[in-house]
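# Structural features, examined
So the chains spell out like this:
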Amino acid sequence: MSTQSYPPQRIVVGYLKGGTGKTTTAVLIALALAAGGDSVALLDTDQANETATLWAHVAGDEWPATVTVERWRDGSAESAAAAAARLARSHRHLVVDTGPGGRAILADVLTVGRDLICPVLASPAEVMSLRPTLEVAAHAAQAHDVRLHVLLTKIRARSVHRREAREHLEDMGLPVLVSEVALLDRYQDAPGTVPDDVGEYADVLTEVIAREGQA
Ligand SMILES: Nc1ncnc2c1ncn2[C@@H]1O[C@H](COP(=O)(O)OP(=O)(O)OP(=O)(O)O)[C@@H](O)[C@H]1O
Ligand SMILES: [Mg+2]
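Sequence order as written defines residue numbering, which begins from 1 separately in each chain. Chain A is the first chain written and ligand 1 is the first ligand written, with later ones labelled in order. Owing to the predicted nature of the model, reporting of local features is limited to residues with pLDDT of at least 70; listing and counting of side-chain atom pairs is limited to 80 or more, with chain, interface and lining totals taken over all residues.

## Things to note about the overall build of the chain
Numbered from the N terminus, helices here are DSSP runs of H or I no shorter than four residues, and strands are runs of E no shorter than two. On a plain count of helices and strands, the chain comes out with nine helices and six strands. The quantity called the radius of gyration is restricted to C-alpha atoms. Its globule counterpart is 2.2 Å times the number of residues to the power 0.38. The C-alpha radius of gyration of the chain comes to 16 Å, within 12% of the 17 Å expected for a compact globule of 215 residues. Once the C-alpha set of the chain is aligned to its principal axes, its extents read approximately 40 × 35 × 35 Å. Counts of 20 or more other C-beta atoms within 10 Å of a residue's own C-beta define buried residues, counts of 12 or fewer define exposed ones, and intermediate counts define partly exposed ones; C-beta atoms are placed from the backbone. Each of the 215 residues in the chain was classed as buried or not, and the buried ones make up 42%. Our contact criterion uses C-beta atoms placed from the backbone: two residues qualify when those atoms are within 7 Å. Looking at the chain alone, contacts between residues at least 24 apart form 81% of all its contacts between residues at least 6 apart.

Structure (structure tokens):
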């Protein structure tokens, strides 16, 4: 994996639909950002599950000391945005994982986030489910600059839907990352581990950062 230090990042991973690879994306991007020795905060705001928190917990001693994982619960004295802002101040990078049903939470953390990575599956139904997430992203973008990055994930080898989904998303005027994440056992088996190589997520991160310069 790259050992470079990246410019400070505030990345939110969100899509108001379940099981599209949000947590996998958030954790592997956080680990990629940490590979150069930088401090990273990973804020887990999923209310139904605590997949990111458990991932780090199961990894135990393997988990890098430079990556702080904090879980935020609805009803806390501090808002999710306040927690995100605090962590962004105390760490070089911030990555926020969000749950599938947390519209208000996604809106809240996007007041701090600068990039929204939206992992979607390459299927027609999936693409139609994007609307609520896009509404939240558009609202956030009215207040400050939030770049949206649609990431095609869990792409099956020789999928006929892959190209259709990309074309459809691009026809909708959405910024689809060139990098894609394949449906692979390495990602399926990743929870609870700290892989030496984050695979295609290294390219995803590079592309997200490269887009900053174009904004
Ligand atoms: N590229 C991939 N290839 C194979 N399996 C994957 C891939 N990405 C994620 N998975 C698996 O798919 C499942 C859902 O992934 P993940 O937990 O990252 O999704 P999520 O969007 O965070 O889900 P939720 O909405 O429940 O929070 C997990 O079992 C994960 O290991
Ligand atoms: Mg999740």
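## Some points on the site of ligand 1
Around ligand 1 lies a shell of 20 residues, among which Gly18, Lys22, Thr23, Thr24 and Tyr187 are the nearest. For the shell around ligand 1, the element with the most residues is helix H1 (residues 22-34), which contributes three residues. A per-class count over the shell around ligand 1 returns six nonpolar, eleven polar and three charged. Residues are classed as near a molecule or strand if the C-beta position derived from their backbone is within 6 Å of it. Under the convention adopted here, Pro, Cys and the residues Ala, Val, Leu, Ile, Met, Phe, Trp and Tyr are nonpolar, Asp, Glu, Lys and Arg are charged, and Gly plus all remaining residues are polar.

## Quick notes on the packing of H1 against helix H9 (residues 201-212)
Taken N-terminus to C-terminus, the directions of H1 and H9 make an angle of 75°; their axes are 9 Å apart at the nearest point. Taken together, the axes of H1 and H9 lie roughly perpendicular to each other. From H1, Thr25, Leu28, Ile29, Ala32 and Leu33 reach across to H9, where they touch Tyr201, Ala202, Val204 and Leu205. The residue inventory of the contact of H1 with H9, partitioned by class, reads eight nonpolar, one polar and no charged. Between N-to-C directions, angles cover 0 to 180 degrees, with each direction set by a line fitted to C-alpha atoms, over the stretch in contact for helices. Angle categories: roughly parallel below 35 degrees, roughly antiparallel above 145, roughly perpendicular from 65 to 115, and oblique for all the rest.

## Digging into the pairing of strand E6 (residues 147-153)
In terms of burial, E6 is a largely internal element, five of the seven residues being buried. Relative to E6, strand E5 (residues 115-121) runs parallel, the two being bridged by seven bridges. Bridging across to E6, cysteine 118 finds its partner in valine 150. Whether two strands pair comes down to DSSP finding at least two bridges between them.

## A look at the sheet that holds strand E3 (residues 67-71)
Across a sheet, paired strands are connected by hydrogen bonds in the backbone, their directions being either parallel or antiparallel. Strand order in the open sheet made by the six strands is E3-E2-E4-E1-E5-E6, with parallel pairing throughout. Pairing within the sheet leaves two strands with one partner each, and these edge strands are E3 and E6. On average, adjacent strands in this sheet sit at an angle of 20° to one another, irrespective of strand direction. Sitting on the sheet, helix H2 (residues 51-59) is in contact with strand E2 (40-44), E3 and strand E4 (93-97), with an inclination near 135° to E3.

## Looking at the environment of valine 208
With respect to the helices and strands, valine 208 occurs in helix H9. Overall, valine 208 belongs to the buried group, with 22 C-beta atoms counted inside 10 Å. Along the backbone, valine 208 and valine 120 are 88 residues apart, and their C-alpha atoms lie at a distance of 16 Å. Ignoring any residue separated from it by four or fewer positions in sequence, one finds valine 208 in contact with Asp115, Ile117 and His149.

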